Amino acid sequence: THFKVLALCLLGTATMSPASTIDPLYTGPRPFSDGGSFTGQRIAPGITSAVLAEGLRTRADIGAIRAAVPGLLRQDPTDAMARVLMAIVTALRSETEVALSILGDGSTRFPETEHAIALSLIARAEGDFQRAVEEADRAISLDPAHPYAHHARATAIYAAEGALEAITSFETAARLGRDGAVYWANFGAVLAETGALDPAERALSRAVAIDPTACVVLNGRAQLNMLRAQPAIAAENYSAC
């Protein structure tokens, strides 16, 4: 979709209706971003699963988990945090059977909050949005200040009910994950979808301040610029990504 939009922008079709030509949220197989690779380039040999879990929490740093967890599991297959993080990134690829097999038969005691997040993402990938929200709510009850738990809840609600109903959870994730570009970019995107363009601008500006080169941020900016009928600037955003 975004390549089509970019081509149309470059052809100078500035009179098109922005809302009819773009997805309101982050591009990809889902209408929102589940996370990014903002610290992956700084992965150190001595990184631990606890450090990766903190990166998930504070920055939605899925990319670092994808890069480092397989190596951690080769070193120690019994690392429960590494296993549950692997289940999370596997669920995000919609490989739900593999994710469930990683979690096993229930004999392993996983960190409870991350386990509930993994089950929420598995349920979302399976289209069971009610269970996805319930598991996210369980994660939140275990750790009310966990931004990614609120983010998982927001994405499930968005998938089931739409942007307006999901705004509060996206906002909470952004407020708690104040250093997470993904959280702010998604919050800005849902605000833009509901027509709150000025608040969306403020949220996306916060995302830019955190990571101006991340694609989730650039795409969010592009989509807001399309909604503001500024396709040339949107084209620059897409090209930068």
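All residue numbers here refer to positions counted from 1 along the written sequence of the relevant chain. Local features in a predicted model are, by the rule used here, given only for residues with pLDDT of at least 70; side-chain atom pairs are given and counted only at 80 or more, and totals for whole chains, interfaces and linings are based on all residues. Here the side-chain values reflect all heavy atoms present in the structure, with hydrogen atoms and water set aside.

## Here's the deal with the overall build of the chain
Only runs of H or I of at least four residues qualify as helices and only runs of E of at least two qualify as strands under DSSP, and these elements are numbered from the N terminus. Within the chain, the regular secondary structure consists of 13 helices and 0 strands. Listing each helix as α and each strand as β along the chain from the N terminus yields α-α-α-α-α-α-α-α-α-α-α-α-α. Taking all 241 residues of the chain together, the buried fraction comes to 53%. In what follows, a contact means two residues having at least one pair of non-hydrogen atoms within 4.5 Å. Restricting the contact set of the chain to residue pairs at least 6 apart, pairs at least 24 apart contribute 58%. With residues, only the protein chains shown are counted as cover, and all accessible areas are computed by Shrake-Rupley using a 1.4 Å probe. As displayed, the chain has an accessible area near 10,700 Å², and 53% of this comes from carbon and sulfur atoms. Exposure is judged per residue with a 1.4 Å probe applied to protein chains only, and the accessible area is read against the type maximum: over 50% gives exposed, under 20% gives buried, and values in between give partly exposed.

## Looking at the side chain of S33
Mapping S33 onto the fold places it in the loop between α1 (2–10) and α2 (49–59). For S33, a relative accessible area of 2% puts it in the buried group. We call two N or O atoms a polar contact when they sit within 3.5 Å, provided that within protein one can donate a hydrogen and the other can accept it, with sequence-adjacent residues counted only if both atoms are side-chain atoms. Within polar-contact distance, the side chain of S33 engages the backbone nitrogen of G35 at 3.3 Å.

## Topic: the environment of R202
Within the secondary structure, R202 sits in helix α11 (residues 197–210). Given the relative accessible area of 56%, R202 is considered exposed.

## A few points about the nonpolar core
The biggest cluster of nonpolar side chains holds 71 residues, and the ones touching the most others in it are L52, L85, I88, Y148 and F187. Residue contributions to this core peak at 11 residues, all from helix α4 (residues 80–92). Not counting residues up to four positions away in its chain, the partners in contact with I88 are L56, I62, E114, I117, A118 and L121. Residue types Ala, Val, Leu, Ile, Met, Phe, Trp, Tyr and Cys, when buried and joined through side-chain atoms within 4.5 Å, form a set referred to as a nonpolar core.

## Quick look at the confidence of the model for the chain
Summing up the model confidence of the chain, the mean pLDDT is 85 and the portion of residues at 70 or higher is 83%. A residue's pLDDT is the confidence the predictor assigns to it, expressed on a 0 to 100 scale. Taken as a whole, residues 1–29 scores under 50 in pLDDT and shows 56 contacts with residues more than four places along the chain or in a different chain.

## A look at the packing of helix α5 (residues 96–103) against helix α6 (residues 112–125)
Direction vectors running N to C along α5 and α6 enclose 155 degrees, while the axes themselves pass 10 Å from each other. Compared by their axis directions, α5 and α6 come out roughly antiparallel. Viewed along their axes, α5 and α6 form a crossing whose handedness is left-handed. Contacts from T96, A99, L100 and L103 in α5 reach H115, A118, L119, I122 and A125 in α6. Counted by class, the contact of α5 with α6 contains 7 nonpolar, 2 polar and no charged residues. Axes here refer to lines fitted to C-alpha atoms; in helices the fit is confined to the stretch in contact. Angles between the N-to-C directions go from 0 to 180 degrees. Working definition: roughly parallel below 35 degrees, roughly antiparallel above 145 degrees, roughly perpendicular at 65 to 115 degrees, and oblique for all remaining angles. Working rule for handedness: look at the near helix, and if it is turned counterclockwise from the far one by less than a right angle, call the crossing left-handed; if clockwise, right-handed. Residues are sorted three ways: Asp, Glu, Lys and Arg are charged, Ala, Val, Leu, Ile, Met, Phe, Trp, Tyr, Cys and Pro are nonpolar, and all the rest, Gly among them, are polar.

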